Amino acid sequence: MSALITHRSIEAICQLPQVPELRLPTRSSRGFGLRVPLGDSLARRACVSWGSHARTDRGRRSVSYSLSRRQEPGVLVLAGQQQEAQRVLDEFREACATPLEKLEKVVDSMVLEMEAGLAAEDGCLLKMLPSFVENLPKGTERGIYYALDLGGTNFRVLRAVFGGPGEGCMQESEIFTIPHDLMVGESDDLFDFIASKLRDFVLRETENKSPPPGRKRELGFTFSFPVMQTSVASGTLIHWSKGFKVAGTVGRDVVEVLREAISRQNLDMEVAALVNDTVGTLAGGRYINGDVMIAVILGTGTNACYVERAEAVPKWKGPPPKSGIHVINTEWGNFGSPTLPTTFADDDLDRESVNPSEHIFEKMMSGMYLGDLVRRVMLRLAKDAGYFGDSIPEKLTKKLALTTPDISKMHADDSPTLEVVGEILKKKLDLDPTRLEERRVVYSIIDIIARRGARLAAAAIVAVLRKIGRDGKSGNGTSKTVIAMDGGLYEHYTKFRDYLNEAFVDLLGEEAAKNVVIELSKDGSGIGAALLAACHSKYGSQ
Ligand code: ADP
Ligand code: MG
């Protein structure tokens, strides 16, 4: 008796051990013969792992194996690749685990780092940068203001018309993608590109939108990289992040760099406020809701800012702010701690990044990196368990071959055979065909990585709430706190958002969580920057 099998039928044996015919081989008292197509190395490898003897058939189209009758069906394939794959997956899952006790430790260590960053200027992981913004919008602002939002893959130019109390605002904007060579090129080239788009945008406006005679247009500049702010409209770039590495900007006042580029375009515009995107989001959120105390970005990168009591910032050497508050830009993307559940994939990603050892937290949970973490674990499976083909697939070795939007689409696949996963693996990594078992493993990796990222994001938000005594455990449980959230990751990645909300309630407890609301504030940073330009206009905000 002899039967032709392929790796697909082996897969069937594993998944459907209850089908009697497929169990037949091992039930036979006389042993059993299997033929495997010559080119099907997966099936051949499985047969070898079953301890059988091989013989090439006449005509050389297949290889025959005779199996020992002592084999058990479940042992067959699992003995080979799958067992190894399971081992890699189990170890990875274990290393990424974020049980509540572990998340609590992350919260504690982050609160300590926040305090250290507020106390000292240098040597802290969390820079805790005062934003020089004392006056947050009240909803009464009036006039036409512009914003320029440079934060990652895209930048946006925006015009906002604020109508005064109760009148709301109107806005128009355009989005441009930054060409990759400008992200790693020279400072003047990047800023000339930005200023030229701003000029084109302004040139297209109609007369009734231009400023009154004698008055310059005013701009809020949202610049979402670590900046040491020196006033509300000046600040020095500390370092680039999120894949940017532009020569000649670090150490300079980015407002001055932008002003020079604007004047090279012969554009008559004043930069009235330099704003981090978190601060812009906070301002945009406050315009609508006075309970907004924290703004969080979960997009290409991640960061948060919050409203801190002035006396809680010992490193502040300037005059005490009249408002009694500072808006602090945490730069939490640079958080790092032995409490973080890191893995080989994080270490590899960090080592090969443009900023090794920096922004470790961001590299575990933001849109720029999640897809690439998944690819790295898949690569480990290809190397260690012979998954995804007989040789290591070329694309699987390429950085960023798999993006976060790719994994979020795969994560949403609820078909029993994971068709969408298969399509994306084919389209993005040239993996075709894939076995169901391989697609299942990819799905598990995505789930592990997204869940870990989302839970860490929740822990970070809770750390800020705890720092300002609004986590419901510090005696201020009844006042309402709103978190303005912006970023494509939170907005579009449903499972990530669900995991984040779940961990948030886990950490705060049901009762306290009722007083803390996360509100999506889509693109609030642009409008927020225009508002802060209004709040800090040299003409007054009318
Ligand atoms: P930025 O952070 O550059 O200002 P966004 O807030 O728009 O821009 O976020 C863009 C990021 O959001 C992308 O880099 C991507 O990682 C992530 N993202 C966008 N769409 C999706 C999606 N469908 N699923 C998951 N992540 C997404
Ligand atoms: Mg953004």
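Residues numbered from 1 in each chain as written. Chains lettered and ligands numbered in written order. Predicted model: local features only at pLDDT ≥ 70, side-chain atom pairs only at ≥ 80, totals over all residues. Heavy atoms only, no water.

1. Considerations on the site of ligand 1
And step 1. In the vicinity of ligand 1, 13 residues are found, and the nearest of them are T300, G367, S408, G487 and G488.
And step 2. A distance of 2.7 Å separates a nitrogen atom of ligand 1 from a polar side-chain atom of S408.
And step 3. Contact between ligand 1 and L489: an oxygen atom at 3.3 Å from a main-chain N or O atom of the residue.
And step 4. Protein coverage of the free-state accessible area of ligand 1, which is 570 Å², stands at 73%.
And step 5. For the shell around ligand 1, the elements supplying multiple residues, two or more each, are α13 (404-411) and α16 (488-492).
And step 6. Classifying every residue of the shell around ligand 1 by side-chain character gives 3 nonpolar, 10 polar and no charged. (Near = heavy atom within 4 Å. Polar contact = N/O pair within 3.5 Å; in protein donor to acceptor, adjacent residues only side chain to side chain. Areas by Shrake-Rupley, 256 points an atom, 1.4 Å probe, with all protein chains shown as cover. Helix = DSSP H or I, 4+ residues; strand = E, 2+ residues; numbered from the N terminus. Nonpolar A, V, L, I, M, F, W, Y, C, P; charged D, E, K, R; others polar.)

2. Some words on the sheet that holds strand β15 (residues 325-329)
And step 1. Read from one edge of the open sheet, 6 strands run β5-β15-β14-β13-β16-β17, paired in mixed fashion. Looking at strand neighbours, the two that pair on one side only are β5 (129-130) and β17 (516-520), the edges of this open sheet.
And step 2. Two strands pair when backbone bridges link them, and strand β14 (residues 302-309) and β15 are joined in this way by 5 bridges, in the antiparallel orientation. Along β15, the bridge assignment pairs Y306 with I328. (Pairing = 2+ DSSP bridges.)

3. Things to note about the sheet that holds strand β6 (residues 142-150)
And step 1. Strands sit in the order β8-β7-β6-β9-β12 across an open sheet of 5 strands; the sheet is mixed. With partners counted over all chains shown, the strands left at the sheet margins are β8 (169-177) and β12 (269-275), one partner each. If you compare each strand with its neighbour and ignore which way they point, the axes differ by 20 degrees on average.
And step 2. The pairing of β6 with strand β9 (residues 217-223) spans 5 bridges and is parallel. Across the sheet, the residue bridging to D149 is T222, located in β9.
And step 3. The sheet strands contacting helix α8 (residues 254-264) are β6, β9 and β12, and the helix crosses β12 at an angle near 155 degrees. (Axes fitted to C-alpha atoms, helices over the stretch in contact; angles between N-to-C directions. Contact = heavy atoms within 4.5 Å.)

4. Quick notes on the packing of helix α7 (residues 187-203) against α8
And step 1. Two elements in contact, α7 and α8, have axes separated by 8 Å at closest approach and are oriented at 60 degrees. Considered as vectors, α7 and α8 are oriented oblique to each other. Pair α7 / α8 crosses with right-handed handedness. On the side of α7, the interface is formed by S187, D188, F191, D192, A195 and L198, while α8 contributes V254, V257, L258, A261, I262 and R264.
And step 2. Tallied by class, residues from the contact of α7 with α8 come to 8 nonpolar, 1 polar and 3 charged. (Parallel < 35°, antiparallel > 145°, perpendicular 65-115°, else oblique. Left-handed = near helix turned anticlockwise from the far one by under 90°.)

5. Things to note about unusual backbone geometry
And step 1. Here D432 and P433 are connected by a cis peptide whose omega angle stands at -5 degrees.
And step 2. Mapping P433 onto the fold places it in the loop between α14 (419-429) and α15 (436-467).
And step 3. Of note, the phi angle at H359 is positive, near 50 degrees, even though the residue is not glycine.
And step 4. Residue placement: H359 occurs in the loop between α10 (344-351) and α11 (360-365).
And step 5. A positive phi is found at L418, a non-glycine position, where the angle reads about 50 degrees.
And step 6. Tracing the backbone through its elements, the reader meets L418 in the loop between α13 and α14.

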